[in-house]
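# Residue-level structure breakdown
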Amino acid sequence: MSSMRKWRRLGAALAAGSLLLLAGCGGSGSSGPSASGSGSQPASGTTSKPFKVALVVNGTLGDKGFFDSAAAGLQRAHDELGVDIKILQADPKNPQEWLQNLQSVSDGSYNLVITGSSQMKDNLTQVAKAAPNQKFVYFDDTVDLPNIANIIYKQNEGSYLAGVLAGLVTTDTKDFPLSKGSKVVGVVGGMDIPVINDFIVGFTQGVHSVDPGIRVLKSYVGDFSNPNKGYDQAKAMYDQGADIVYAVAGGSGLGVLKASADANRYSIGVDSDQNGLYPGHVLASMVKRVDNSLFDMIKAAKDGTLQYGGKVYPYGLTNQGVGLILDTKDVPASVQEQLKAAEQRVAGGQIQVQTVTGAGGQ
């Protein structure tokens, strides 16, 4: 099996024919900065100091998902708002380095410090208490402190749509020729934690809305940066008859997508548009618009309108915070229409998607 470095080079151009079910859900159009930081200069003729933002990630860029989407949001703020940005990456296996990086930019030299994921919760709590004058944005979980604004995502809603698609795939061999009609689907999670289980309960509900008799296989990698193990777990599901597997595992999920191609079956990506990685096999990606949400928070902070004090800003189907991007070449128009109808019922409140206590999507 190839090394992690090789996995990070898997990215190919995104599928040009992709369809975003969230109508009008815009993005920066940028893949985000590839270095650990970049900056901007004040507009010519001005002497005001630029607004400075730091992003601390508990891993590295190149995951084609969560962290890359966050970096793209900062790059958009750099390009459109003229802010100085810095991105600090870290060894995904070294929590002490995560803490040190967060501490290093929380000395008042940045107007806003951003970090995310439930794995950073204890670190952020410690640093925010020690630096009460530093302003923070925390995404994908919440911390109730006076100097923090929080972003949560309704990943259960977007995952419901992914589940509907999976249910249709495993029951419709005509429209999906790689499907065996086994009525078996799978989901591979990164870790057994509330936010990942929120994906899984929404996905399972969506699958069973198509046919309650469909079997949903579940497993956890125990790591967000081990694509080899993600591959092995997905392969085991395909060997058990799964027609499609949903990857909810960060960088580990890249292994799931590769396994779908090797097994000549289907998969669903996550966090950003991963459809182009294995065309014909990755039918869709359930995106968390981390990029859009961080851009919104940076703009509000720069304008002086962002609320802290543990304020929670939710992003779901109704405000383009999550959605399902389809590979329209391999998902028939009739299925696209069914998914649009399901999205409208969820967004309109006709369908209540289950959630997990303590998850960011609550």
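Residues numbered from 1 in each chain as written. Predicted model: local features only at pLDDT ≥ 70, side-chain atom pairs only at ≥ 80, totals over all residues. Heavy atoms only, no water.

## Describing the overall build of the protein
- The helix and strand inventory of the protein stands at ten helices and 14 strands.
- Taking the intrachain contacts of the protein between residues at least 6 apart in sequence as the baseline, contacts between residues at least 24 apart amount to 70%.
- Taken as a whole, the protein presents about 14000 Å² of accessible surface, with 47% of it coming from carbon and sulfur. (Helix = DSSP H or I, 4+ residues; strand = E, 2+ residues; numbered from the N terminus. Contact = heavy atoms within 4.5 Å. Areas by Shrake-Rupley, 256 points an atom, 1.4 Å probe, with all protein chains shown as cover.)

## Notes on the pattern of salt bridges
- What the rule picks out here adds up to eleven salt bridges.
- Linking Lys93 and Asp223 is a salt bridge whose minimum nitrogen-to-oxygen distance equals 1.9 Å. Separated by 130 residues along the polypeptide, Lys93 in the loop between β4 (84-88) and α3 (95-104) and Asp223 in the loop between β9 (215-220) and α7 (227-239) bring together distant segments of the chain.
- Accessibility expressed as a relative area gives 52% for Lys93, which makes it exposed.
- Between Lys299 and Asp303 there is a salt bridge, and its shortest N-O distance comes to 3.1 Å. Here Lys299 and its partner Asp303 are both found in helix α9 (residues 290-303), four residues apart, which amounts to about one turn of the helix. (Salt bridge = Lys/Arg side-chain N within 4 Å of Asp/Glu carboxyl O. Buried < 20%, exposed > 50% of the residue type's maximum accessible area, 1.4 Å probe, protein only.)

## Things to note about the packing of helix α5 (residues 155-169) against helix α6 (residues 194-210)
- Running from amino to carboxyl end, α5 crosses α6 at an angle of 40 degrees, the nearest separation of the two axes being 6 Å. When the axis of α5 is compared with that of α6, the two are oblique. For the pair α5 and α6, the sense of crossing is right-handed. Contact residues: α5 offers Gln155, Asn156, Ser159, Tyr160, Ala162, Gly163, Val164, Ala166, Gly167 and Leu168, while α6 offers Val195, Asp198, Phe199, Gly202, Phe203, Gln205, Gly206, Val207, Ser209 and Val210.
- The residue makeup of the contact of α5 with α6, split by class, is ten nonpolar, nine polar and one charged. (Axes fitted to C-alpha atoms, helices over the stretch in contact; angles between N-to-C directions. Parallel < 35°, antiparallel > 145°, perpendicular 65-115°, else oblique. Left-handed = near helix turned anticlockwise from the far one by under 90°. Nonpolar A, V, L, I, M, F, W, Y, C, P; charged D, E, K, R; others polar.)

## Quick look at the pairing of strand β5 (residues 112-116)
- Of all the five residues making up β5, five are buried; the element is thus mostly covered by neighbouring parts of the structure.
- Alternating positions in β5 separate into two faces, Leu112, Ile114 and Gly116 on one and Val113 and Thr115 on the other, with burial throughout.
- Across four bridges, the pairing between β5 and strand β6 (residues 136-139) is parallel. Counted as the bridge partner of Gly116 is Phe139 from β6.
- Crossover handedness for the path β5 to helix α4 (residues 121-130) to β6: right-handed. (Pairing = 2+ DSSP bridges. Right-handed = clockwise from strand over helix to strand, strands pointing away.)

## Brief notes about the environment of Lys218
- Within the secondary structure, Lys218 sits in strand β9.
- On the basis of relative accessible area, Lys218 is assigned to the partly exposed category, the value being 47%.
- Along the primary structure Lys218 and Gln233 are separated by 15 residues, whereas in three dimensions their C-alpha atoms are 9.3 Å apart.
- The contact partners of Lys218, leaving out residues within four places of it in the chain, are Val187, Ile200, Thr204 and Met237.

## Focus on the nonpolar core
- Counting 72 residues, the largest nonpolar core has Ile114, Phe139, Leu165 and Tyr246 as the members making the most contacts within it.
- The leading source of residues in this core is α5, at eight residues.
- Not counting residues up to four positions away in its chain, the partners in contact with Leu165 are Phe176, Ile268, Leu283, Ala284, Leu326, Val335 and Leu339. (Core = buried A, V, L, I, M, F, W, Y, C linked by side-chain atoms within 4.5 Å.)

## A few points about the confidence of the model for the protein
- Averaged over the protein, the pLDDT score is 88; the fraction of residues at 70 or greater is 85%.
- Counting contacts from residues 1-46, a segment whose pLDDT is below 50, to residues more than four positions away or on other chains yields 108 contacts. (pLDDT = per-residue confidence, 0-100.)

## Regarding the packing of α5 against helix α10 (residues 333-347)
- For the pair α5 and α10, the least separation of the axes is 10 Å and the interaxial angle reads 150 degrees. Our classification of the angle between α5 and α10 gives roughly antiparallel. Relative to α10, α5 is oriented so that their crossing is right-handed. Along the contact surface, α5 presents Glu157, Tyr160, Leu161, Val164, Leu165 and Leu168, while α10 presents Val335, Gln338, Leu339, Ala342, Glu343 and Val346.
- Looking at the contact of α5 with α10 residue by residue, the class counts come to nine nonpolar, one polar and two charged.

## Regarding α9
- Compared with an ideal rise of 1.5 Å per residue, which puts 14 residues at 20 Å, α9 spans 20 Å between its outermost C-alpha atoms and is within 8% of the ideal.
- Most of α9 is tucked away: ten of the 14 residues are buried.
- Every buried residue belonging to α9 is among Val290, Asp291, Asn292, Ser293, Leu294, Phe295, Met297, Ile298, Ala300 and Ala301, and all of these are buried.
- Looking one or two places after α9, you find Gly304, whose phi comes out positive at around 85 degrees. (Expected span 1.5 Å × (residues − 1).)

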